[in-house]
Amino acid sequence: MLIGGQFVRSESGRYIQVADPMELGGTKENVPWGSRKDVRDAVVVARGAWEGWSGRTAYNRGQILYRLGEMLEARHGELTRSLERGGLDGSAAAAEVSATIDRCVSYAGWADKYQSLFASLNPVAGPHFNFTVPESMGVVGVVAPARPALLGLLGAVLPIITSGNTVVVLASEADPRTALVLGEALATSDLPAGVINVITGRASELLVHLAKHMDVSAIDLHAVEPSLVKKAEEAAILNVKRVRTRSLDDGAWFDADGASSPRWIERFVEMKSIWHPAGS
Amino acid sequence: MTVKESTALTVQSDKLAPKAADRAALDFGQAWAYAPAPESPDHVRIAPRYELFIGGKWAPPQSGTYFDTISPSTEQKLSEVAEADERDVALAVESARHAYEKYWSKLRPIERGKYVYRIARVIQEKSRELAIVESMDGGKPIKESRDVDLPLAAAHFFYYAGWADKLAYAFPGRNPRPLGVAGQVIPWNFPLLMAAWKLAPALATGNTCVLKPAETTPLTALLLAKIIEECDLPPGVVNVVTGAGKTGAAVVAHPGVDKVAFTGSTDVGKRIQKALAGTNKKLTLELGGKAANIVFADAPLDQAVEGIIGGIFFNQGHVCCAGSRLLVEEGIFDVLMRKLRDRMQTLRVGDPLDKNTDVGAINSKMQLDKIRELVLAGEQEGATRFSTPCKLPDRGYWFAPTLFTGVSQSHRIAREEIFGPVLSVMTFRTPDEAIEKANNTMYGLSAGVWTDKGAKSFWVSQRLRAGVVWANTYNKFDPSSPFGGYKESGFGREGGRQGLLAYLEVD
């Protein structure tokens, strides 16, 4: 798992066996089975990374996201192979990696542009200069969709970190290994440690702890089953977390226009209105 | 009106002799005793009883139960009001659904806008009457209801009316659509204004509404229902169900409600968030606050004093964004406290209908008890209390303007929302310390910063985790300016283009 830029196994010592259809004899691989403690560790580092990440210039965040796209491009083959081992056929796997790289490039461009769309200069009826700007929320907990395992994870995370949030993401349970391969690309890109933290394991076990955590400001749930959404929403009241849910089908994840809409950034920003008198 | 001496302390007697700065330097005596200038309520007719406004008709509650609404400044009954239960709420939601499907969603957007404009105009025409009733029912000074609540309520309807036919431009390429029936529960501190904040954007975006006013201040929402009736809105587009917490819970829980909007305490907000878990209903919450008002040594002090006074004593401190934590840079503490105490002594507390009154009545006995409890906790935890030695009327609920010094961050009066005319003062040495203290709260609704240095004011404003930051001003509101919280002060915005999102589905 990727926590604070470190590759760690679960402190619990637990593991999940992932089937590998491409290997002879049905060999299985062991991936970490993250625990509540791992979630808490990840939130701590995500919180620590938030001030630095949100404090960078938008231009710099954009450059880093673009660089991430370059790192994925360099690992195109490895990521494709991982998706294949996770059950996709070769062309579908390659197409998903390419779409994920495009998504990075697209959000790299958004980093210094969404503000102009969401912000406003408000024509208040008085001698005041008044404007509203979007700001990041803090740490956002994400449950990535089962499929697409790579595009779904980064497609969910990119709009959230573009505005300066940091994330703890629970990876696809259908193909957790690809998230860990992605983790290697994340760790070797210029993305600061702790901005994206990847945990493999069971959402049914871990989500409630993420939703209860007082240092998590919001939750983004992708294709999570309704009874678990309800549990997360109930846990979220402890600190009035913002909870968003989203269930896109495959086509929507691959729809570059729709999935790159600034709307997805807007879901995880706070609007701040600042007033100042104007006078001589 | 007979008056009695306030039992409030002036300066707490201490083992040590109080420093000069702990005393007010000036003693105004009777110099500020203005002759009464009461606004006459003679032409205002409050009905002896109000029914529920459901489906365009005034209907008695199924249970036949009514409750009194009293004037907090005289403790006299003003009227009695229907108590809606689940059955009444169900009828209101059905009416709203019917109105949504049959009329409101089929109307041309500009026609919808015209109805909302008309509401704004009639509020303006009846503003004197509405202001008087607001002050009678809620206890706020007439100069505030007349000069703040009423103009802003009308402005809100006027502003959002104009959005009705322009929603596609607000969210280009995103196909904005109304949500359906909105259930809206509002508080008692700005009864008519909060009704306007809820109804205006909901109606302009094409939703229909079930509004539940607070039980201590239902009258102006009912007068607004009469205005809406007079404006000839299609029956059921706006429904008003009066009652207490149980009625509000019924509105929130009704499965026919597509969207819930609530303004009130964080405690109740969390209960609503829990009740809505797993329902797919949209929710916006505007909850409590414990705003820091930061004064740097280079601030324009006299302006800052006015801002501090308005920040905490406006509407008796019954303001979710009240500047209830004053953070003062250490070097100016003594001089600022002296100025603040002097200015506090000029505040006139009393009859809300008197045009000279600065601080009116506490909204209810319950709220007065809560303020007293927290002030007592402040004394017991070791903070030093100063309350102005003003005369308070015999009847009614009153609390003298009060400030505490020697407050630490762990004190209840520094952490909990008092929702009364009580200011907690703390000091800081560096800008970083000011920001850390300001953000050291579960709330994040608003904040203030006072400094003559432009760069510093922006630097601080960027770091304050609050939805509204007033720099060198305080408590300014405008329908074009989004208002709402960070953290446990809730989510969603009211006002501005951003405020439309609370009532729209977008792609």
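Definitions and limits used
Residues numbered from 1 in each chain as written. Chains lettered and ligands numbered in written order. Predicted model: local features only at pLDDT ≥ 70, side-chain atom pairs only at ≥ 80, totals over all residues. Heavy atoms only, no water. Helix = DSSP H or I, 4+ residues; strand = E, 2+ residues; numbered from the N terminus. Rg over C-alpha atoms; globule rule 2.2 N^0.38 Å. Buried < 20%, exposed > 50% of the residue type's maximum accessible area, 1.4 Å probe, protein only. Contact = heavy atoms within 4.5 Å. Areas by Shrake-Rupley, 256 points an atom, 1.4 Å probe, with all protein chains shown as cover. Lys, Arg positive; Asp, Glu negative; His and termini not counted. Charge placed at Lys NZ, Arg CZ, Asp CG, Glu CD. Pairing = 2+ DSSP bridges. Axes fitted to C-alpha atoms, helices over the stretch in contact; angles between N-to-C directions. Phe/Tyr/Trp six-rings, centres within 6.5 Å; stacked < 30°, edge-to-face > 60°. Parallel < 35°, antiparallel > 145°, perpendicular 65-115°, else oblique. Left-handed = near helix turned anticlockwise from the far one by under 90°. Nonpolar A, V, L, I, M, F, W, Y, C, P; charged D, E, K, R; others polar. Core = buried A, V, L, I, M, F, W, Y, C linked by side-chain atoms within 4.5 Å. Buried area = accessible area lost by both parts, 1.4 Å probe. Salt bridge = Lys/Arg side-chain N within 4 Å of Asp/Glu carboxyl O. Polar contact = N/O pair within 3.5 Å; in protein donor to acceptor, adjacent residues only side chain to side chain. pLDDT = per-residue confidence, 0-100. Expected span 1.5 Å × (residues − 1). Disulfide = S-S within 2.5 Å.

Visitor: Would you mind going over the overall build of chain B with me for this structure?
Guide: A tally of regular secondary structure across chain B gives 15 helices and 21 strands. The globule rule puts the C-alpha radius of gyration for 507 residues at 23 Å, and the 23 Å found for chain B is close to it. Summarising its shape, the C-alpha atoms of chain B cover approximately 75 × 55 × 35 Å along the three principal directions. Taken over 507 residues, chain B has a buried fraction of 63%. Within chain B, residue pairs in contact and separated by at least 24 positions form 76% of the contacts whose partners lie at least 6 positions apart. In the form shown here, chain B has an accessible surface area of approximately 18800 Å², with 52% of it arising from carbon and sulfur atoms. In chain B, which carries 61 positive and 58 negative side-chain charges, the distance between the mean positions of the two groups comes to 3 Å.

Visitor: Sorry if this is basic, but what is going on with the sheet that holds strand E17 (residues 402–405) of chain B here?
Guide: Strands belonging to one sheet form pairs held by backbone hydrogen bonds; the direction of such a pair is parallel or antiparallel. Within the open sheet, the 10 strands sit side by side as E5(A)-E6(A)-E12(A)-E20(B)-E19(B)-E13(B)-E14(B)-E18(B)-E17(B)-E15(B). Their pairing is mixed. Two strands in the sheet have a free side with no partner beyond their single neighbour: strand E5 (120–121) of chain A together with strand E15 (384–387) of chain B. Note that E5(A) and strand E6 (residues 128–136) of chain A share two bridges and pair antiparallel. Each residue of the ladder has a partner; that of A:Ser120, found in E6(A), is A:Thr132. Strands strand E13 (292–295), strand E14 (325–329), E15, E17 and strand E18 (422–428) of chain B of the sheet are contacted by helix H11 (residues 333–345) of chain B, whose axis makes an angle of about 165° with E17(B).

Visitor: How should I be thinking about the packing of aromatic side chains in this particular structure?
Guide: To describe a pair of aromatic rings, one takes the distance between the centres and the angle between the planes. All names here are of chain B. Evaluation of the coordinates by the stated rule reveals 15 aromatic pairs over all chains. Measuring from ring centre to ring centre gives 5.8 Å for phenylalanine 190 and phenylalanine 314, while their planes differ by 35°; the resulting arrangement is tilted. Highlighted residues: phenylalanine 190 in the loop between strand E8 (181–185) and helix H6 (191–204) and phenylalanine 314 in the loop between helix H10 (301–313) and E14, separated in sequence by 124 residues. Of the residues examined, phenylalanine 190 reaches a relative accessible area of 7% and is grouped as buried.

Visitor: Would you explain the packing of helix H2 (residues 58–74) of chain A against helix H4 (residues 90–110) of chain A in this entry?
Guide: The angle between the axes and the distance between the axes are what describe a pair of packed helices. All names here are of chain A. The interhelical angle for the contact between H2 and H4, taken along N-to-C directions, is 165°, at an axis separation of 8 Å. With respect to their mutual orientation, H2 and H4 come out roughly antiparallel. In this structure, H2 meets H4 at a crossing whose hand is left-handed. Side by side, H2 and H4 meet where Gly62, Leu65, Tyr66, Leu68, Gly69, Leu72 and Glu73 of the first sit next to Thr100, Ile101, Cys104, Val105, Tyr107 and Ala108 of the second. Residue composition of the contact of H2 with H4, grouped by class: nine nonpolar, three polar and one charged.

Visitor: For this particular structure, what's the right way to read the nonpolar core?
Guide: In a soluble, globular protein the nonpolar side chains are often hidden away together inside. In terms of nonpolar packing, the biggest core is built from 115 residues, with B:Phe157, B:Leu203, B:Leu233, B:Val295 and B:Leu326 touching the most fellow members. In this structure, B:Phe157 is in contact with B:Val116, B:Ile119, B:Ala120, B:Ile123, B:Ala196, B:Leu199, B:Ala200 and B:Leu224, ignoring residues within four places of it in sequence. Counting residues in hydrophobic clusters, the runner-up holds 52 residues, among them A:Leu83, A:Met137, A:Ala156 and A:Leu191.

Visitor: In this structure, what is going on with the interface of chain A and chain B? I would like to understand it.
Guide: One frequent convention defines the size of an interface as the accessible area lost when the parts assemble. Taken together, the contacts link 37 residues of chain A with 44 residues of chain B. The contact between chain A and chain B buries some 3200 Å² in all, and 51% of this surface belongs to carbon and sulfur atoms. The largest contributions to the chain A side of the interface with chain B come from A:Ile237, A:Val240 and A:Trp275, which together make up 21% of the buried area. If you look at where chain A meets chain B, you find three salt bridges. Applying the counting criterion to the chain A and chain B interface returns 28 residue pairs in polar contact (both at pLDDT 80 or more). Of all the secondary structure elements, the ones that give two or more residues to the side of chain A that touches chain B are helix H5 (114–118), E6, helix H9 (226–235), helix H12 (263–266) and strand E12 (269–277) of chain A. No other element matches E12(A), which puts eight residues into the side of chain A that touches chain B. When grouped by side-chain class, the residues that make up the side of chain A that touches chain B number 18 nonpolar, nine polar and 10 charged.

Visitor: Help me out: how do you make sense of the pairing of strand E19 (residues 446–450) of chain B in this one?
Guide: Moving residue by residue along a regular strand, the side chains alternate between the two faces of the sheet. All names here are of chain B. Within E19, five of the five residues are buried, leaving the element largely enclosed by the surrounding structure. The side-chain alternation of E19 yields two buried faces, one formed by Ser446, Gly448 and Trp450 and the other by Ala447 and Val449. In the sheet, E13 pairs with E19 via four bridges, with the strands oriented parallel. Residue pairing in the sheet places asparagine 293 in a bridge with glycine 448 of E19. The pairing of E19 with strand E20 (residues 468–471) spans four bridges and is parallel.

Visitor: I would appreciate a short explanation of the confidence of the model for chain B in the present structure.
Guide: Residue and element names in this part refer to chain B. Summary statistics for chain B give a mean pLDDT of 94 and a share of 94% for residues scoring 70 or more. Considering only residues more than four positions removed or in separate chains, one finds that residues 1–21, a stretch of pLDDT under 50, has 42 contacts. Confidence metrics for the complex model read pTM 0.94 and ipTM 0.94.

Visitor: What's the story with the sheet that holds strand E6 (residues 77–82) of chain B in this structure? I'm lost.
Guide: Residues and elements named next belong to chain B. If you trace the three strands from one edge of the open sheet to the other, you get E2-E6-E5, paired in mixed fashion. The sheet is open, and its two borders are formed by strand E2 (49–50) and strand E5 (66–70), each paired with just one other strand. Bridge count for E2 against E6 is two bridges, and the pairing is parallel. The partner of arginine 49 across the bridge, within E6, is glutamate 80.

Visitor: How should I be thinking about the pattern of salt bridges in this particular structure?
Guide: Side-chain pairs of opposite charge can arise where the charged atoms are in close proximity. All names here are of chain B. Scanning the model with the defined rule gives 47 salt bridges over all chains in all. Two residues, glutamate 416 and arginine 412, come together in a salt bridge whose shortest N-O distance is 2.7 Å. Residues participating in the shared-partner salt-bridge network are Arg49, Asp68, Lys77 and Glu80.

Visitor: What exactly am I supposed to notice about the environment of A:Thr188 here?
Guide: Residue and element names in this part refer to chain A. Relative to the helices and strands, threonine 188 resides in helix H7 (residues 176–188). Given a relative accessible area of 42%, threonine 188 falls into the partly exposed group. Each C-alpha atom of the pair threonine 188 and leucine 68 lies 8.8 Å from the other, and the pair is 120 residues apart in sequence. Sequence-distant contacts of threonine 188, that is, excluding residues within four places in its chain, are made with Met71 and Arg75.

Visitor: Looking at this model, I keep getting lost on helix H12 (residues 365–380) of chain B. Mind explaining?
Guide: Residue and element names in this part refer to chain B. Spanning 16 residues, H12 covers 22 Å between terminal C-alpha atoms, matching the ideal 22 Å at 1.5 Å per step. For H12, the set of buried residues is Gln367, Leu368, Ile371, Leu374, Val375, Ala377 and Gly378. Once H12 finishes, glycine 382 follows within two positions and takes phi at roughly 105°, a positive value.

Visitor: Please clarify how the pairing of E18(B) should be interpreted in this entry.
Guide: Residues and elements named next belong to chain B. Where burial is concerned, most of E18 is hidden: six out of the seven residues are buried. Where E14 lies against E18, five bridges are found, and the strand directions are parallel. Paired with leucine 326 across the strands is valine 425, a residue of E18. Bridge count between E17 and E18: three bridges; the pairing is parallel. Bridging from a neighbouring strand, threonine 402 pairs with valine 422 of E18.

Visitor: How should I be thinking about the state of the cysteines in this particular structure?
Guide: Disulfide: a covalent bond connecting the sulfur atoms of a pair of cysteines. Residues and elements named next belong to chain B. Considering all chains together, one arrives at zero disulfides over all chains under this definition. In this model cysteine 209 remains outside any disulfide bridge; the closest cysteine sulfur is found in cysteine 231, 14 Å from its own. What makes cysteine 209 buried here is its relative accessible area of 0%. Unpaired in this structure, cysteine 321 has its nearest cysteine sulfur neighbour in cysteine 320, at a distance of 4.8 Å. With relative accessibility at 1%, the residue cysteine 321 sits in the buried group.

Visitor: Quick question: what am I supposed to make of unusual backbone geometry here?
Guide: Residues other than glycine predominantly adopt negative phi, and peptide bonds predominantly adopt the trans conformation. Following A:Arg147, the chain continues into A:Pro148 via a peptide bond in cis, with omega recorded as -5°. In this structure, A:Pro148 sits in the loop between strand E7 (139–143) and helix H6 (149–162). Not every positive phi belongs to a glycine, and B:Asp232 is a case in point at roughly 65°. Not every positive phi belongs to a glycine, and B:Gln316 is a case in point at roughly 55°. Relative to the assigned elements, B:Gln316 resides in the loop between H10 and E14.

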